[in-house]
Every structure is written in C-alpha cells, then in structure tokens.
Amino acid sequence: MASVAGREAASKRDGHPPLDGVVVQGFYDRMRAVAPAAVGAIERDRAGDPGRAFGDTACGRLVRSLDGEGLRALGMWVHHWCMRFYDDDTRVALRLVREIAGRAGLGWTADEVRWMLRESYSAGPAAEARFTLPLAAAGELAPGALRIEAVVPRQAGPRD
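Everything numeric here is computed off the predicted structure, so don't read it as measured data. (Residues numbered from 1 in each chain as written. Predicted model: local features only at pLDDT ≥ 70, side-chain atom pairs only at ≥ 80, totals over all residues. Heavy atoms only, no water.)

> What's the story with the overall build of the chain in this structure? I'm lost.
Helix and strand counts for the chain stand at 6 helices and 0 strands. Ordered by position from N to C terminus, the α and β elements of the chain give α-α-α-α-α-α. Counting across all 160 residues of the chain, residues that qualify as buried make up 44%. Within the chain, contacts between residues separated by at least 24 positions form 73% of all contacts whose residues are at least 6 apart in sequence. (Helix = DSSP H or I, 4+ residues; strand = E, 2+ residues; numbered from the N terminus. Buried < 20%, exposed > 50% of the residue type's maximum accessible area, 1.4 Å probe, protein only. Contact = heavy atoms within 4.5 Å.)

> Even after reading the chapter, I still don't get the pattern of salt bridges, so can you show me in this structure?
Where charged atoms of side chains with opposite charge meet at close range, the side chains can pair. Following the criterion strictly, the structure yields 6 salt bridges and no others. Across the pair R32 and D29 runs a salt bridge, and its minimum N-O distance is 2.9 Å. Residue R32 and its partner D29 are both found in helix 1 (residues 21–47); the two are separated by 3 residues, about one turn of the helix. According to the relative accessible area criterion, D29 is partly exposed, its value standing at 40%. Each of R30, R72 and E112 takes part in one network of salt bridges that share partners. (Salt bridge = Lys/Arg side-chain N within 4 Å of Asp/Glu carboxyl O.)

> What exactly am I supposed to notice about helix 1 here?
Across its 27 residues, helix 1 extends 37 Å between first and last C-alpha, which sits within 8% of the 39 Å expected from 1.5 Å per residue. The principal kink in helix 1, of about 45°, is found at A35, preceding the proline P36 by one to four residues. Within helix 1, the full set of buried residues consists of V24, F27, Y28, M31, V34, A35, A38, G40, A41, I42 and D45. Packing partners of the buried residues in helix 1 comprise helix 2 (58–65), helix 3 (68–84), helix 4 (91–101) and helix 5 (110–123). (Expected span 1.5 Å × (residues − 1). Bend = angle between axes of the 7 residues up to and from the residue.)

Dropping the structure here:
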C-alpha cells in the first residue's frame, strides 16, 4: 500500500493557514479510540460475503453501536485510512465511507470538514472517492461556515 496523504500534507497546500495543532491532535485522539474496532470490522468484512446488506456486516454493527460523536470519529478515521492507503483493498472501507456519508445530522464541525478536504486534496485523483465524506459533511454545515473553493481544485471554465 502506498501512502498518498498524511498529517503534514493535510495541513497545508490549500492556501489556508494550517489548522491548530491542538485541534488536529484532538481529531487523531478521537480516531485512535475507534480505530481498533474499525480495523477488526473491516477485516471481518473483507473475509465475509461482499454481497451482504450493510446492516448485516461487522461494519454495519459497529456503526449501529456508536453515538453521533463516535460515528463522526469513525467517519474521519475511515476517510483518513482510505486517503493514506487507497488501493484495491479499500472496497470495504469505501463502503463504510459511503454509508456514513449517507447519514444526516452527524454535526460535523467546519474544522473537521476542512481537515478531511485537505486530506482529500492531498491524495489526488488516484483516490476516486476522496471527496465523498467531506462534501457530504460540508453539506450539513451552516451556509457560509466553510469556503471550499480554495480546497477543492477548480475546473477551468470556457473563458479560462
């Protein structure tokens, strides 16, 4: 597996000042709390039947067991894992990302969204689903809480 993003890469390169180190450390602490259960669930699901309904998988059971803050931490962890190690072996994790992205009312903060967007941008186009979770989370923020133009690469228009 190749690392395509990391702590340092996710805190710069988008024209915004780096996030406060204490804030970012808080993200990592919360993610570490859910990581062992997440790794175990992903490994069990890799070995299981890929056609099972999400709710019948180990990842589905893990999601049901978490409150909103735990689910946000799990989402951030699995997004971070996918951005760092994006390859053919991430199918189960990408399914988990899509399932979390499809849930409303998780209460993402602008800092959490900006951190995930920076990781996604640093990962580059090799990680096809890199904006799935951060854009879903950004959609729940209050209007004007997050400016993403500088983070998400702008496509050239007809007059550019």
